[in-house]
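Listed below are the residues making up each chain.
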Amino acid sequence: MKDIQQETGTAYLFIAHDLSMVKYISDRIGVLHLGHLLETGTTEEIFSNPVHPYTRSLLSAIPSPNPRVEKTRVAESYDYASSGIDYHAGTLHTLEGTHQVLGTDEEIARWLAK
């Protein structure tokens, strides 16, 4: 797919749950949960600086191929029902470049402080 994309200049909408594959295939990523676009940006923006708690939980669950790193990996959990977050109350906030996160002003400030 990546070769065809480069040879033809074709754009793909690639939907997957395998984030390591998403990282390899995608130039831009959109993180969806319960029908809401929670975070979007370039692959580098999302993987190097995940902001939304759901995005952080997804990325923290990716196993590391390095056994030493894997032994110390801590996966973050996210439960929408108990999070206190209301997707309908937030708006998309631009952080840097094309990186956007859905949340209220207070949530974004709290998440960026972590």
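Residues numbered from 1 in each chain as written. Predicted model: local features only at pLDDT ≥ 70, side-chain atom pairs only at ≥ 80, totals over all residues. Heavy atoms only, no water.

S.K.: How would you summarise helix α4 (residues 53–60) if you had to cite specific residues and measurements?
M.R.: α4 sits mainly inside the fold: 6 of its 8 residues count as buried. Residues of α4 that are buried: P53, Y54, T55, S57, L59 and S60. (Buried < 20%, exposed > 50% of the residue type's maximum accessible area, 1.4 Å probe, protein only. Helix = DSSP H or I, 4+ residues; strand = E, 2+ residues; numbered from the N terminus.)

S.K.: Can you break down the environment of I4 residue by residue, with the values?
M.R.: By the element assignment, I4 lies in helix α1 (residues 2–8). Residue I4 is classed as partly exposed on the basis of its relative accessible area, which comes to 46%. For I4, the residues in contact, after removing those within four places along its chain, are G9 and Y12. (Contact = heavy atoms within 4.5 Å.)

S.K.: Run through the side chain of S57, naming residues and quoting values.
M.R.: Tracing the backbone through its elements, the reader meets S57 in helix α4. Within polar-contact distance, the side chain of S57 engages the backbone oxygen of Y54 at 2.7 Å. When residues no more than four places from it in sequence are discounted, the contact partners of S57 are E76, S77 and Y78. (Polar contact = N/O pair within 3.5 Å; in protein donor to acceptor, adjacent residues only side chain to side chain.)

S.K.: Residue-level account of empty space enclosed by the protein, with values.
M.R.: Any empty space left between atoms is shown by rolling a water-sized probe over those atoms. With the rule as written, the count across this model stands at 1 cavity of 30 Å³ or more. Quantified by volume, the largest cavity comes out at close to 30 Å³. Lining the largest cavity are L19, I29, V31, I46, F47, T55, L58 and L59. Mapped onto the lining of the largest cavity, the elements with two or more residues apiece are β1 (28–33), α3 (43–48) and α4. With 3 residues, α4 is the single largest residue contributor to the lining of the largest cavity. The residue inventory of the lining of the largest cavity, partitioned by class, reads 7 nonpolar, 1 polar and no charged. (1 Å grid on protein atoms, 1.4 Å probe; cavity = no way out; pocket = protein on both sides within 12 Å on 5 of 7 lines; lining within 4 Å. Points joined across faces, edges and corners; volume = space filled by probe spheres on them. Nonpolar A, V, L, I, M, F, W, Y, C, P; charged D, E, K, R; others polar.)

S.K.: How would you explain the nonpolar core if you had to name every residue and give the values?
M.R.: By size, the foremost hydrophobic cluster in this structure holds 16 residues, and its most contacted members are Y87 and W111. Going through the elements one at a time, α2 (19–25), β1, α4, β4 (100–103) and α7 (105–113) are the ones with two or more residues in this core. Setting aside residues no more than four positions away along its own chain, Y87 makes contact with H33, L34, H36, L38, H52, Y78, Y80 and L102. (Core = buried A, V, L, I, M, F, W, Y, C linked by side-chain atoms within 4.5 Å.)

S.K.: Would you mind going over unusual backbone geometry in detail, with residue names and values included?
M.R.: The phi dihedral of L34 falls on the positive side, at around 50°, and the residue is not glycine. Looking at the element boundaries, L34 is found in the loop between β1 and β2 (36–42).

In short, shape yes, function no, at least from these values alone.
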